[in-house]
Structure formats: C-alpha cells, structure tokens
Amino acid sequence: MVFARPRAARDGARQLLAGQPTPYDASVAYHVLGMLERDFGDVTRAVGQLRHAVRLARRSGSAAREADVLATLGIALVHCGRTGAGLETLDRAVLLATGGPAARVRYLRAHARWVLGRHDTAMADLRRALPVLRRGADTIWVARALTLRALVNLAYGQTARADRDLGQAEALFARTEQEHDVAVAVHNRGLVAFRAGDLPAALGHLDDAARRYKALGTPMPDLAIDRCAVLLAAGLPREALNEADSGVERLESGRGQSTRRAELLLAAARAALAAADPASALARAGAAYRLFAAQRRGWWTVHSRLVLLQARFATGAYEPRLVAAAARTARELTALGSTEAPQASLLAGRLALALGRPAEADRHLAVAARARRAGPPLARAAGWLAEALRADAAGQSRRTLIACRRGLDVLDLHRLTLGASELRAQSTAQGAELAALAQRTCLAGGSARRMLAWCERWRATALAVPPVRPPHERVLRADLARYREITSRLEQARTAGRAAPRLQREQQRLEAHVRSRVLRARRGDPGRGADRPLHVPRLLDELGSAQLIELVDVLGSLHVLLCGAGRVTRFAAGRTADAAAELELARSSLHRFALGASGRPDEAAQALEANGRRLEELLLGPAAGRLREAALVVVPPGWLHGVPWALLPSLRPLALTVAPSARAWLRARAVAEPPRRDVLLVAGPGLATGGAEIATIAAMYERVRVLRRKEATAARVLAALDGCWLAHVAAHGTFRADSPLFSALRMDDGPITGYDFEGLRAAPYRLVLPSCDSARLAPTGADELLGLASALLPLGTAGIAASVVPVNDEATAELMATLHRGLSRGLSMAAALAASRAVATGDPVLRATAWSFVAIGAG
C-alpha cells in the first residue's frame, strides 16, 4: 500500500501503533512509515524509523522480517549520502535472507547500486534475483526487477533491450493493483522514447506519469530529473533549468533524498550551460560534483566532472590542465560504458584547439567523431561537429562543409519528427555551431553564392512546414476557449483595480496545459513536407527586376548578400553590437512618437532621420548605394526582425517586404490567390478610435464582412479568417517574449493567440494587423522566429502588414485607409505600404507611424 495508496498506508500504520501491536506488527508499521518518509518526505527521519523497525524485527525473532527492513534501511542510508553504511546494511540483509525474500533483498541491493551508478554489480544482483522471483510467481517483484533491468540497460545505451523489459513489466503490472508501479512504467516509457530520440512521445509519457503520481499523492523527484533532460534535448533550456531548480527547492524544503538533490543539481547545471549561463552552470556542477564524491557515486562523479569541465570551457578558461582532465574523463566514461564519452573527447579537442595544439586536438576530435556513425540524432550531430572541427583545423574547407552538411542533415530528420512549430524552432539551436562554422568557411572562401546557400540552410526552417494538429485537437480548442474566458475575466478584474490571484493561477495552469498538449504533437512521416535547400539560380530568376538582401552575422560583424540581375554580391557592413545599440535607440524613438511623448515633434523627427541614416550605414554598408528603384526583399537574421526598415532612407521609397528567409519568400510567392475576393474587417474592443477606419475601408471592396463590438468574438473571427482573400483586424495586441505563441489579438470575448491561428485550415491570403507590436517575432533556436506572423506564414498567408513597435491609434487609422486604397487598386502589400509612406509627409507623428509598419512574406 505504500506506493499504491500512500495516504491509506500511513493511516493504517498509525492506527496499528495506536493499539498494542506485537513486535512483528509494530516493525511492519514503522517499516511503512520509514518507507513513506524515505521516498516522499524527510529521509533523515526515515532512517530513525527504520532503525526502530529493525530492533522490533529482531525482538520478533523473524529473520525474514529483519532482512526486509535492513534492505530498506540500506537504501535510505544511501539516499542520505551515507553510501558505505548503506551498502554494508544491504550486504547484511542479503546474508540474513533466504529463498524468495532473499531475491527481493537482492533486487533492493541492485536498486541501491543503480542509484550509485554501479551498473555492473546491479545487473549481477538482478541476474540472480529474477529467476527466483519468477519461480515463485512473484508478479509485482518480477515486474519491478524487469523495470530496474530496463533502467540499467538504458544507462548502457541499450534502448531496444530496455524497451522489451518495460513491455514485459507493464503486462505484469496490468494484472495487479499497484497503480504507482504502473505510473513508474509510464514514466520509464518516456525515458525509452527520449533515448530513442522521440521527444514528443517522451513528453507525452512524462506528462501522463505526472498526472498519475499527483493522483496517488506520490511526489517523484526522478520525474523532475527526467523532464529536465527531455526539455533540454528539445531545446528548452530555461524551462529545463526551472524544472530542476524547483525540484531542488522541493527536496531541500522537505529534507528529501540527498542522492536526488545531487542529480537535480547536475541536471540544472546542464540546463544552465545550454542556456548560455556558464557561471550558474559552474556553481551547480561544482555542488553536484562534491555531493557525488562524498556519496561515493563514481559513475555520477565522472559525469558531473564532465559538466564541470564544459562549464569552465564556456567561461573562457582555456587551461592546459583542463585538456588532460577532459581526456581522462573521456577514458573513464568509456570504461563505464557511458554514451557521453564522445562529449568529453569533443571537449578535449576544443580545449586543445583553443590552446593552439592542433595535433593533440585532432587525436581527441577523431575519437569524438566516431559517434557520427550510430546512436541518437543529437549524438551523431555532435560527432559530425567534431569531424567538421577537425577538417577546419586542417584547413580543408570542402571536407568541413561536407561534415557540416551531414550533421545538419541528421538534425533535419530529428527536427521534422516534431509536430509543434515551437519545438522545431527551438531544436535548431543544436545545429547552430555547425551552421556558423559553415558560414565562416564560406566567408573565408569568398563565394557569395555559396555563402547565401549556407545562410539559408539553417534559417527559419520551422516555417518550412505547417505545425501538425496535436492529439485530441477538440480538447485543445476547449482549453483555448477556457483560456480566453479566464483571461477576459482577469483583464476585467485588473481594470476594476481588483487582485485576482485565483484567476491568475488558473490562467497560468491553462497556458501550461495548452503548451504541453501542443508540444506532444509529432509528425508521422518526417520526410513529408521537408523544406528543400535553396536553389540560388531559381531565386535569381524569380526576383526578375527586384532585389533581395540577406543579412548575415558572422563573428560579430554584419555582411550583406545582395541578390539581383543574376548575381550575388557580398558587402561588409557594421559591427553587430553597434547595430543593436542603434536599433534600440530607433525603436524607443518611434515608441515615444506613438505615446505622444515627443515635446518637439519636428526636432524629434529630424533626430529620428539621423538615427535612420546611421542604422542604414551599419546594416547595409556600401550595399545601400547599389539598390535600384525596384521591389526589395530584406531577409535579416532573427534578432533584426524588429527593425523599422522604412526608417532607412534608401529603403523608404521602395516596395519593401521582409521575409524570414529567401525560401520563405519563394514559398509565399507561390501561394495561390483565392478565387473569391472575400474581405473581412474586424474592430476589436477598447480601440481609441473605435475602429473608425472600418467604414471607410469597407466602401472600397465588394465582398465585405464586418465584425465589430459584440460580434467580434474569437470563434466568429477565426471562422471568417479561414481562407479569406484579405483580412484587416484592428485590435489591441500583446507580444509575449516569454511565450511567443501566446502573443495575442484581443477580441470581445478574450484573446486570439498564435495557437488559435495554427488551428486554421487555411490562413488568410493577406492580412493587415494595425495593432501595436503585431509584426514582432521572438528570435529563438539558431535563427528561428516565433509569434503571430510565424503561425500564419506556413499555413499559406502570402503577405502581412504589421507594426514592429507600438503605434499611434489615430495616425494608424489614417495610414490604414491609404494602405487599403492601394490594395483595392491591385497593388501588392509592399507597394501599398510604400504608397502610404509617400503621402505621409506632413505630420511627424503620421510619418513615424508609417515608418513603423512593414510588409512580411511576399508582399
């Protein structure tokens, strides 16, 4: 009952002790209380209760009872960090027990050895225990032993064997009432899926296990450790770090197991390292290393030393002694049969390269490169990175690019198994170094065409295919409707000046639920819908008289690839840091115009003009002088998608459109225009102008549907948006940098989010979003984007007009009327925006507002 019904077990033990139990029965009661404290409470208190249970067992005269309690006490001592005493106690229990009880005790000793990372001796105990348990038809303990054997096999990287053992264990548990063990089996299914590289399945199994544990009232620190590993592999390091830190906090507040605390600290260190926080990773890895060493957990000590060394390398500590330490760690991990041995060799190679020791680096990188031939996708990609670094150090550019391509190909297959656009975007971080190395190689080689093709290889890949519908889509829609309702009530409470903590908690719960459900979606056939590499001649043909500028950030410097007239030409531009500072100044200046905070508008406008000239010099350099009076496509890296491009003097008069990648522009160009020109005009609640421009715009088109005030509900707007020719949605917008797909447009009954847009069967062909920050996209992964626009482009939206900063409502209404006059006459989105800018010459606020809007897609 301890695991199946822990609350009932505790109540039963206390009730038994309240009477006058025999020593045997009292031993059982204290044994139960000790197990509960060991696994779900204060492990130090558990040791005291279990020692008392041992004394009572001896008084009862039952050797089997004493052996059983001793085994449990041994595991508790191990979890306290008292490894020697724990193993000694377990050895005494094995000597004391006989027959079936002896097999159970051997299983418990195997479990303790697995916790310590002593996998060989754990497997030896399981080999002796399993036949005895099977002969005794001990269903529960056979299933538990198979589960443990699966975990040991996973530590050796034997995923197929682990999967077979877990399948047998699940079939046995299904014949029992041990609901906790069933939850553990589901949990371990998640581990197998994770090691096999199936992240959506892993997330689904772990979420299912979490619900089962919660229903049973059995908190499991192991779950936090494993979720952290899966989130990290999914490219979500900040979430992984929060998961691990929360787990550490829970254990420390309840004086829980020291062994699990060390494992959580190690998980947190790995997450902090992936989140580019090496100082934090160093502190956590150091704490974990000291705990593992004190607990005499050799397997874990070596793994934590690897993370410690990786963190030191990330802080810039290139010391000769670290090369030797990394090499020694690689040898020890290999001896332990660990799948992380290649990572240690890769680190040794990196350190040797940084210290100018190419021959030594080549030896270590050659060992790491062996991982490219087999294993999970991320491990193979790391092997290809090692091979690319070897080739680069040898000055062999062709071999370097081949290795980079093969590594990214491996990651492509992995990425395309992910159904959620967020996971696909985040997962590209795993290939960022391969892509950057290829770009540097192309830059040194001098071929602008080759550099363009490589820049496109790993840019905006998440937008290549639409997201997969998540499992139980109806449930997701219901969750989103509930989220709208709660968010609307929360906004009303805030407007009235009332605190609403319950509503806020429910909103956060629903956000987590929605996101969790979406992340579990997986693509059935990874090959279907995969984006093809950029064919540069096709791009140049498609451009015709237009030009395309692709901006590339290489080692802190910007480079411009100007495409047009059958050629690709490279220009060097400014420093990345200078451009970022100038961009921040431009955005804040435009924001002040929107708020009406510029006391002297004419002077502020002149300053903004000067700001635009400096930004142009930094972003475009000499390429600005090579632009023709024709249509222009700008393809910036992710962090530059917030640029108000019309602020740059050379770009202002052009029919300018911004695309996440050249391939995204080509796809948007190929979108077929709907046969019927249905127009949707929406005015959301709370607009300063009340949507005054809607009536003016409606008169410009024939097939118009207007939704305003109470009619502008999320359901009606989404239904009308689906597949329409042109939509204009005037509504207050919010941008969520922390969770970009929860960026939203406010309707009468609550927000429409990026997740709602992803549920459309067909996106609107063209969309005008006059709300503040509606064009903002969050850079993520290697060079990916997430936000409202990113949700629509893969679904078939050809062009979007939106703002990159907050805008003035009255000036926006006037600008939108001018924009639609151009659209109604057959102009593209980019040309209509250019025409709007051309007439916005008098009022400085109107002019600044016009500069704040961009066309996204193909215009």
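Source: prediction; values computed, not measured. (Residues numbered from 1 in each chain as written. Predicted model: local features only at pLDDT ≥ 70, side-chain atom pairs only at ≥ 80, totals over all residues. Heavy atoms only, no water.)

1. A look at the packing of helix α35 (residues 809–824) against helix α37 (residues 844–851)
The N-to-C vectors of α35 and α37 enclose an angle of 65°; their axes lie 9 Å apart at closest approach. Considered as vectors, α35 and α37 are oriented roughly perpendicular to each other. As for the relative orientation of α35 and α37, their crossing is right-handed in sense. Packed against α35, whose contacting residues are Ala-811, Thr-812, Glu-814 and Leu-815, the element α37 presents Val-845, Leu-846, Thr-849 and Ala-850 at the interface. Each residue belonging to the contact of α35 with α37 can be placed in one class, and the counts come to five nonpolar, two polar and one charged. (Axes fitted to C-alpha atoms, helices over the stretch in contact; angles between N-to-C directions. Helix = DSSP H or I, 4+ residues; strand = E, 2+ residues; numbered from the N terminus. Parallel < 35°, antiparallel > 145°, perpendicular 65-115°, else oblique. Left-handed = near helix turned anticlockwise from the far one by under 90°. Contact = heavy atoms within 4.5 Å. Nonpolar A, V, L, I, M, F, W, Y, C, P; charged D, E, K, R; others polar.)

2. Looking at the nonpolar core
Grouped together as the largest cluster of nonpolar side chains are 148 residues, with contacts concentrated most on Leu-619, Trp-645, Leu-651, Leu-721, Val-729, Phe-757 and Ile-800. Leu-721 has contacts with Leu-680, Ala-727, Val-729, Phe-757, Ala-762, Ala-763, Pro-764 and Leu-767, leaving out every residue within four places of it along the chain. With 52 residues, the next largest nonpolar core counts Val-47, Ala-76, Val-78 and Ala-93 among its residues. (Core = buried A, V, L, I, M, F, W, Y, C linked by side-chain atoms within 4.5 Å. Buried < 20%, exposed > 50% of the residue type's maximum accessible area, 1.4 Å probe, protein only.)

3. Here's the deal with the pairing of strand β7 (residues 704–708)
The sheet contact formed by strand β6 (residues 679–683) and β7 spans five bridges and is parallel. When the bridges of β7 are listed, Leu-681 appears paired with Val-706. Between β6 and its parallel partner β7, the chain crosses via helix α31 (residues 693–698), and the hand of that crossover is right-handed. (Pairing = 2+ DSSP bridges. Right-handed = clockwise from strand over helix to strand, strands pointing away.)

4. Here we look at the sheet that holds strand β8 (residues 726–730)
Here we have eleven strands laid out as an open sheet, ordered β3-β2-β1-β4-β5-β16-β15-β12-β8-β6-β7, and mixed in their pairing. With partners counted over all chains shown, the strands left at the sheet margins are β3 (567–575) and β7, one partner each. Shown here is a sheet whose adjacent strand axes are inclined to one another by a mean of 20°, direction ignored. In this structure, strand β5 (residues 656–658) lies alongside strand β16 (residues 853–857), joined through two bridges in parallel fashion. Bridge pairing links Thr-657 to Ala-855 in β16.

5. Examining the sheet that holds strand β11 (residues 750–753)
With antiparallel pairing, three strands are arranged side by side in an open sheet as β9-β10-β11. Among the strands making up the open sheet, the edge pair consists of β9 (733–734) and β11. The pairing of strand β10 (residues 744–747) with β11 spans four bridges and is classified as antiparallel. Bridge pairing in β11 links Met-747 to Gly-750.

6. Focus: the packing of aromatic side chains
Evaluated as defined, the whole model comprises seven aromatic pairs. An angle of 85° between the planes, with centres 5.5 Å apart, marks the rings of Tyr-107 and Trp-141 as edge-to-face. Of the two residues, Tyr-107 sits in helix α6 (residues 99–115) while Trp-141 sits in helix α8 (residues 139–155), which places them 34 residues apart along the sequence. Owing to a relative accessible area of 10%, Tyr-107 belongs among the buried residues under this scheme. Owing to a relative accessible area of 14%, Trp-141 belongs among the buried residues under this scheme. Taken together, the ring pairs connect Phe-292, Trp-299 and Trp-300 into an aromatic cluster. (Phe/Tyr/Trp six-rings, centres within 6.5 Å; stacked < 30°, edge-to-face > 60°.)

7. Here we look at unusual backbone geometry
Unusually for a residue other than glycine, Ala-276 sits at a positive phi of about 60°. For Ala-276, the position within the fold is in the loop between α14 (258–274) and α15 (278–294). Judged by its relative accessible area of 65%, Ala-276 is exposed. The phi dihedral of Arg-709 is positive, around 55°, even though this residue is not glycine. Relative to the elements of secondary structure, Arg-709 occurs in the loop between β7 and α32 (714–721). Classification of Arg-709 by relative accessible area gives exposed; the value is 62%.

8. What about helix α16 (residues 298–314)?
With 17 residues, α16 should reach 24 Å at 1.5 Å per residue; the first-to-last C-alpha distance of 24 Å fits that figure. Most of α16 is tucked away, with 14 of its 17 residues classed as buried. Gly-316 lies just past α16 and shows a positive phi near 90°. (Expected span 1.5 Å × (residues − 1).)

9. A few points about the side chain of Ser-304
With respect to the helices, strands and loops of the structure, Ser-304 is situated in helix α16. Once residues within four sequence positions are removed from consideration, Ser-304 is found in contact with Leu-266, Ala-285, Tyr-289 and Phe-292.

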